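Secondary and tertiary structure notes
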Amino acid sequence: MTDADGTDGALGRCPECGADVPASAVLIEYEDDDGEAAYAACPSCETVVKPRS
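Residues numbered from 1 in each chain as written. Predicted model: local features only at pLDDT ≥ 70, side-chain atom pairs only at ≥ 80, totals over all residues. Heavy atoms only, no water.

With that settled, consider the pattern of salt bridges. Counted by the stated rule, this structure contains two salt bridges. Here Arg-13 and Asp-20 are joined by a salt bridge, their closest N and O atoms 2.6 Å apart. Here Asp-20 falls in the partly exposed class, since its relative accessible area comes to 47%. Here Lys-50 and Asp-32 are joined by a salt bridge, their closest N and O atoms 3.7 Å apart. Pair noted here: Lys-50 is in the segment after β5 (48-49) and Asp-32 is in strand β3 (residues 26-32), with a separation of 18 residues, a long-range link. Residue classification places Lys-50 among the partly exposed positions, given a relative accessible area of 36%. Of the residues examined, Asp-32 reaches a relative accessible area of 27% and is grouped as partly exposed. (Salt bridge = Lys/Arg side-chain N within 4 Å of Asp/Glu carboxyl O. Buried < 20%, exposed > 50% of the residue type's maximum accessible area, 1.4 Å probe, protein only. Helix = DSSP H or I, 4+ residues; strand = E, 2+ residues; numbered from the N terminus.)

Right under this line is the structure:
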């Protein structure tokens, strides 16, 4: 999930503030019914989030 998704190392956007969340901010990665997922610390609002594509 980190770099294989082709988004220049970004996991997605923060659902709280809309900032790009980089792969380096990952706290935990796991597999769910939709495939791989992750929680990360948003560098902008400093909230733990599940980034959205």
